[in-house]
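# Report on the structure
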Amino acid sequence: MRTLALFEEAPYQCNFNARVLAVSEQGVALDQTLFYPTGGGQPGDQGHFLLPDGSVVAVVGTQRDPLHRSIIWHQLKEGAPVLSPDMELQGCLDWERRYLHMRMHTCLHLLCSIISAPVTGCSIGTNKGRLDFDLPDSTLDKEYITRSLNELINRGLEVSVRLLSSCEYDSLLEFAHIRTVTPALMQGVVRIVKIPGLDLQPCGGTHVRNIAEIGQVVCEKIEKKSRHNRRVTLRLT
Ligand SMILES: [Zn+2]
């Protein structure tokens, strides 16, 4: 079974030491990283590298390699010095931005728990986030969603994450109700995120430890994007 990536193992850490493995037109790959790569509607992390000579290089984005999904490329700001393989460096996340993503991402799990319809789209920003639901007859109400989310947040539940092999995932009846979701497999492993009594689903994103950290939220708008599609936008307050 695969080991956890550093950003999964230590979602609250923002500095790390690493060694350059490869440099390509896609960016810089390291032997380990805390930078979350774009995925699941959550933007890739930004931050900087501190090089051995003391210079600072901005990291403007992070993406998985489209073919070799375990490789994570860090995109450097235009005009940055060219790094070489085996160089040791320190990576530093833009923590403020990442933590906002963690709060909003976790909040979208709560939104799934109060709207029972398939999710067809997701987008996460620093203080806003949205989910699209396949919901032809909408009775969604902004005030109801705002009140329900804040009541859930006030319950202060712990968020847990565990890894399952795809066979374990298939065999566990516990997950029968989420079989319609195609799990994101990484090296044959499904990552399951659980908020007890509220939500249980495969997810590769970053989450807060306790839903109280989300803080208060407001449902900003509900849009009809097509006959079946309802878009619900939330904002952290
Ligand atoms: Zn998630």
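Residues numbered from 1 in each chain as written. Predicted model: local features only at pLDDT ≥ 70, side-chain atom pairs only at ≥ 80, totals over all residues.

### Describing the overall build of the protein
A tally of helices and strands in the protein yields four helices and 14 strands. Relative to a compact globule of 237 residues, whose C-alpha radius of gyration would be 18 Å, the protein shows 19 Å and is just as compact. A burial count over the protein gives 29% of its 237 residues as buried. For the protein, the share of sequence-separated contacts (at least 6 apart) that also reach a separation of at least 24 residues comes to 63%. (Helix = DSSP H or I, 4+ residues; strand = E, 2+ residues; numbered from the N terminus. Rg over C-alpha atoms; globule rule 2.2 N^0.38 Å. Buried ≥ 20, exposed ≤ 12 C-beta atoms within 10 Å, placed from the backbone. Contact = placed C-beta atoms within 7 Å.)

### Some thoughts on the nonpolar core
The biggest cluster of nonpolar side chains holds 21 residues, and the ones touching the most others in it are Cys-107, Leu-111, Leu-149, Ile-211 and Val-232. Looking at this core, the elements that each hand over two or more residues are helix H2 (95-114), strand S8 (128-134), helix H3 (142-153), strand S13 (217-224) and strand S14 (229-236). The element best represented in this core is H2, accounting for six residues. Not counting residues within four places of it along the chain, the set of residues in contact with Leu-149 comprises Cys-107, Leu-110, Leu-111, Ile-114 and Val-217. Membership of the second largest hydrophobic core comes to 14 residues, among which are Val-28, Ala-29, Leu-34 and Trp-73. (Core = buried A, V, L, I, M, F, W, Y, C linked by C-beta atoms within 7 Å.)

### Things to note about the sheet that holds S14
In space, the four strands of this open sheet follow the order S7-S8-S14-S13, with antiparallel pairing throughout. Every other strand in the sheet has two partners, leaving strand S7 (119-124) and S13 as the edge strands with one partner each. Between one strand axis and the next, the sheet turns through 15° on average, direction left out of account. Across five bridges, the pairing between S7 and S8 is antiparallel. Counted as the bridge partner of Ser-123 is Arg-130 from S8. (Pairing = 2+ DSSP bridges. Axes fitted to C-alpha atoms, helices over the stretch in contact; angles between N-to-C directions.)

### Focus on the pairing of S8
Where burial is concerned, most of S8 is hidden: five out of the seven residues are buried. As consecutive antiparallel partners, S7 and S8 are separated by three residues. In this sheet, S14 lies alongside S8 in antiparallel orientation, the contact comprising seven bridges. Paired with Arg-130 across the two strands is Thr-233, which belongs to S14.

### Focus: the environment of Cys-167
Assignment of secondary structure puts Cys-167 in helix H4 (residues 166-171). A sequence separation of 22 residues divides Cys-167 from Val-189, and the C-alpha atoms of the two residues are 8.9 Å apart.

### Describing the environment of Ile-124
Here Ile-124 lies in strand S7. When the C-alpha positions of Ile-124 and Ile-192 are compared, they lie 19 Å apart, and in sequence the two are 68 residues distant. Here Ile-124 is in contact with Gly-41, Gln-42, Pro-43, His-101, Met-104, His-105 and Gly-129, once residues within four sequence places are set aside.

### So, the packing of H2 against H3
One can describe the packing of H2 onto H3 by two numbers: an axis separation of 10 Å at closest approach and a directional angle of 115°. When you trace H2 past H3, the crossing you get is right-handed. Between H2 and H3, the residues in contact are Cys-107, Leu-110, Leu-111 and Ile-114 and Ile-145, Ser-148, Leu-149 and Leu-152, respectively. Taken together, the residues of the contact of H2 with H3 break down into seven nonpolar, one polar and no charged. (Left-handed = near helix turned anticlockwise from the far one by under 90°. Nonpolar A, V, L, I, M, F, W, Y, C, P; charged D, E, K, R; others polar.)

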